[in-house]
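# Report on the structure
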Amino acid sequence: MAYDRLGKQTEARENNRKVNIPACANPERRKKCEANTELWFTTYLPKAFPKAFGEPHRVMISRSDSAIYHGGRSVVAEPRGYGKSTTFKARALKALLTGEKKYCALIGADASAAEKNLKGIILWIMFSETIAEDYPEIYYPIKASADGKPYPTAQRAKTLLIGRTGGFMDKKGKYQEKPNRTPNEYDIEAVEGDPLFLDLKTSPAFLYFPWYPKAKSSGAVLFSAGITSGVRGENRHLPDGSIIRPDLVLIDDPQTKESAKSPSQIKTRKEIIEEDLAGLAGQGEEISMLCATTVIEKDDLSDQLLNRKLNPDWRGERTSMLDSFPTHLDDAKGSKVNWNEYNKIRIEGLNEDDNGIMANTYYLDNQEILEEGAVTTWDGIKQKKHISAVQSAMELYLKDPKGFFSEYQNMPKSDEDESNRLTREQVLKALNGLRLNEIQEGFNIETLSIDLNDYALSWAYCSIRNDMTTNIANYGQYPDSAKNVWDSEMDITREEAFTNALVDFIRQSHKRYPNALIGIDGNWCTQV
């Protein structure tokens, strides 16, 4: 009797590990959606995509489809808040569930996003009714690995076995056999009692899909990591003896605000993309790479990848919140109704705590004039408190114009714009009466000061007396033209361009000012 009890306990434990997997409930719907990525998103992840898509979203979907189906690289800049991270995670999930790709590396700006991305995708699978119906081979094993808890555990996942297959789930969630069922292309070949080989990890973040000999998603891998996490040599050994390596890399915002301002970090991250990530597929294999980003600073990593002349392989495309700005930003065109007036009224209302009533009233009274010339790319940006998407976009602009051009237009303005350049007229006001390069008696110290700017080398040749009285004997800009030392259209890096310019200028200046002490302010570009 003791032996029988032990045997029954063992059998019960084994049955508890078995996962019954019904057949695909709606093969026609699944096939239709797999041929249309936008439809797939709204059918299987409706809560993640509650708003209608705009043109920027369709550009993103089209580019991701092209990279996945045909290979190659693509980079798309989207405005902040347009849901590019959600789109990326959803595209990764579709690619793996449908068998379009077998091993997806989802790369973020830092490691903190990696586990979050993986958890988000797993929760999508667990709580999507339509995924449960049409992708039961993935839904039921992951649900079983949670074992009634809010989130799956690796310990439980590793123990799961294949149960009965090909039936259906009744209204009470009980598995039922379905005799004489017509087979379909989404049936799986599985042997009851075989291991599922499902696994997940959090550090680094992995999801190893279940293994079935026939299923399109069999053995697929989702890997999520930060771009500086040292991603190299990733692979998975499958139960049939084969080895798979990443065939899809989705890079979601490859930079932080800090890294976007650092030439050295920009260079490091670009090298990681071009060398480490591009080489994940192994020798002789092409990898599909798609980067979704927002430009933060002029000439940052995203700005460089988007430059088709500098990086033609990436086929960069920028999308903006406003395709065109309103005509009447101020009264320059003679209109008393304009956005400057709107902003004054908006601020006045804020001071009176009117909850936007004064601004909305002015907007409704003058909507046609205020919206003249304005074109938004997505109606989904409209906030509930506003009348239209144009009003929502323009309030973002009015609150922070510089931030709007970078975060929402993907066309950042440089801090070193034309208004900050020292003009000849400004210098003429401070003339000392000396001739060019004239050194007065007693001014025995000569210096040549060089300042590296965003656009050029600014320099000044000075003579200094022992009491530190200083005369500027000459000054200028190198190169002595309107052309910048470097721009993103060049085939060399910013650091290389400024290094070359600095060396050339010092060589020329040494001949003219052989006794001058040279001082260089290079804090703007520390790598030179």
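Residues numbered from 1 in each chain as written. Predicted model: local features only at pLDDT ≥ 70, side-chain atom pairs only at ≥ 80, totals over all residues. Heavy atoms only, no water.

This paragraph deals with the sheet that holds strand β17 (residues 445-452). Spatial ordering of the open sheet is given by β19-β18-β17-β20, a layout of four strands whose pairing is mixed. Each edge of the open sheet is held by one strand with a lone partner, namely β19 (470-478) and β20 (517-521). Taken pair by pair, the neighbouring strands of this sheet meet at an average axis angle of 20°, ignoring direction. Pairing of strand β18 (residues 457-464) with β19, which is carried by eight bridges, proceeds in the antiparallel orientation. Looking at the pairing, W459 lines up with G476 of β19. (Pairing = 2+ DSSP bridges. Helix = DSSP H or I, 4+ residues; strand = E, 2+ residues; numbered from the N terminus. Axes fitted to C-alpha atoms, helices over the stretch in contact; angles between N-to-C directions.)

Taken as a whole and assessed by the stated rule, the structure comprises 23 salt bridges. Put simply, E341 and K344 hold a salt bridge, and the shortest N to O gap is 3.4 Å. Separated by three residues within a single helix, E341 and K344 lie in helix α13 (residues 339-351), roughly one turn from each other. A residue is classified by how much of its surface remains accessible, and E341, at 29% relative accessible area, is partly exposed. What makes K344 exposed here is its relative accessible area of 53%. The partner of E395 in a salt bridge is K399, and the shortest N-O contact between them spans 3.9 Å. Note that E395 and K399 are positioned in helix α16 (residues 389-399) at a spacing of four residues, about one turn of the helix. A relative accessible area of 7% places E395 in the buried class. You can call K399 exposed: its relative accessible area is 51%. Here the salt bridges share partners, and the residues they tie into one network are D65, R91, K94 and E100. (Salt bridge = Lys/Arg side-chain N within 4 Å of Asp/Glu carboxyl O. Buried < 20%, exposed > 50% of the residue type's maximum accessible area, 1.4 Å probe, protein only.)

So, on to the sheet that holds strand β13 (residues 288-293). Taken in spatial order, the eight strands of this open sheet run β7-β8-β9-β3-β12-β13-β2-β14, and their pairing is mixed. In this open sheet, the two edge strands, each paired with only one partner strand, are β7 (199-202) and β14 (317-318). Pairing of strand β2 (residues 73-77) with β14 involves two bridges; the strand directions are parallel. Across the sheet, V76 pairs through a bridge with E317, a residue of β14. Of the strands in this sheet, β2, β12 (248-252), β13 and β14 touch helix α4 (residues 55-70), which is tilted by about 160° from β13. Helix α5 (residues 84-97) contacts β3 (103-108), β9 (221-226), β12 and β13 of the sheet and is inclined by roughly 165° relative to β12. (Contact = heavy atoms within 4.5 Å.)

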